[in-house]
Amino acid sequence: MSQLSSIERDGFAIVFGVLDERTRLDLIRDVEELLLESTAGIRELAAKVPSVAALARSATVRSLVEPVLGPQAMLVRSILFNKSLDANWQVAWHQDLTIAVASQEEAEGYSSWSVKEGVVHVQPPVQVLEQMLSVRLHLDPADDTNGALWVSPASHREGRLRAGEAASVAERNGKHLCVVQAGDALLFRPLILHASRKAKSLKPRRVIHLEFTGASLPKSLAWGEVAA
């Protein structure tokens, strides 16, 4: 099954060997200094690490994104997640329902405003979320011992779920653990139900999380992070 058909049917796809070893090691080197200041993760990563911005523009990553979103797709959020025994957390079943925008402005269909680490977030209409794709580039292997992502296949077809429905829908649809090797990519739709458990081993789980969109926003709003 092709990557595109897998994303359309199941809401996710794993692509093996996206990062070669030299690129992977260079990225680890480039983010290490920032992790001294924020051990759990880093928002607006592409603006802080030039090699990440270059990676998001690269033919390698664009070849993953454009078949799904089209050539107009742009990067609108970049985060480094660094799960370890020292910076550990679990995330219950959920959908990614918010986007990062430049400022809070009135716009029809946009609600539930919030601010996370100085970045304004809002829940857009579901049609905007349906035109987005998350790309997770793994700097380390990930399995159930260090907090690999669980997904519920095809749950993105359920649309935006009401609060409290996530766990029962995941139980009904089934659960899949996304075991990956260093250098692999996990692609998924924001509306797919996903979760992760706490790490229970010494193995790090560093992930570059890139969000792309093929959607445009109302004139009153602007994406909070648009890479040049």
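Above: the structure in question.
All of the points below concern the structure found in this document. Along every chain, residues carry numbers that run from 1 in the direction the sequence is written. This being a predicted model, a pLDDT of at least 70 is required before a residue's local features are given, and a value of 80 or more before pairs of side-chain atoms are given or counted; all residues contribute to the totals for chains, interfaces and linings. Side-chain descriptors were evaluated using all non-hydrogen atoms of the structure, hydrogens and water having been removed beforehand.

## Notes on the nonpolar core
Consideration 1: Nonpolar cores are built from buried Ala, Val, Leu, Ile, Met, Phe, Trp, Tyr and Cys residues. Side-chain atoms within 4.5 Å join them into one set. Exposure is judged per residue with a 1.4 Å probe applied to protein chains only, and the accessible area is read against the type maximum: over 50% gives exposed, under 20% gives buried, and values in between give partly exposed. In this structure, V135, L137, I208, L210 and F212 are the most contacted members of the largest nonpolar core, which totals 34 residues.
Consideration 2: Among the elements that take part in this core, helix α5 (residues 59–69) stands out by supplying five residues, more than any other.
Consideration 3: Residue contacts are counted whenever heavy atoms from the two residues lie within 4.5 Å of one another. Excluding its chain neighbours within four sequence positions, the residues that come into contact with I208 are L27, L45, V52, I79, L80, V135, R136, L137 and L139.
Consideration 4: Residues V76, A107, L191 and W223 belong to the second largest nonpolar core, which totals 17 residues. Under the scheme used here, helices are H or I runs from DSSP no shorter than 4 residues and strands are E runs no shorter than 2 residues, and both carry numbers assigned from the N terminus.

## Considerations on the environment of T23
Consideration 1: Its place among the elements puts T23 in helix α2 (residues 21–35).
Consideration 2: The exposure class of T23 is partly exposed, given its relative accessible area of 26%.
Consideration 3: Spatially, the C-alpha atom of T23 lies 9.3 Å from that of S51, the residues being 28 residues apart in sequence.

## Looking at α5
Consideration 1: Residues of α5 that are buried include every one of V61, R62, L64, V65, V68 and L69, and no others. All buried residues of α5 fall inside an arc of 160° around its axis, so they share one side. The directions considered for the arc run from the helix axis to the C-beta atoms.

## Observations regarding helix α7 (residues 166–173)
Consideration 1: Here α7 has its buried residues at A166, V169 and A170. Buried positions in α7, seen along its axis, are confined to an arc of 100° and lie on one side of it. α7 presents E171 and R172 as exposed residues on the side facing more than 90 degrees away from its buried surface.
Consideration 2: Where α7 is buried, its residues touch β4 (91–94).
Consideration 3: At the C-terminal side of α7, G174 shows a positive phi close to 100°.

That's the geometry; what it means functionally is another story.
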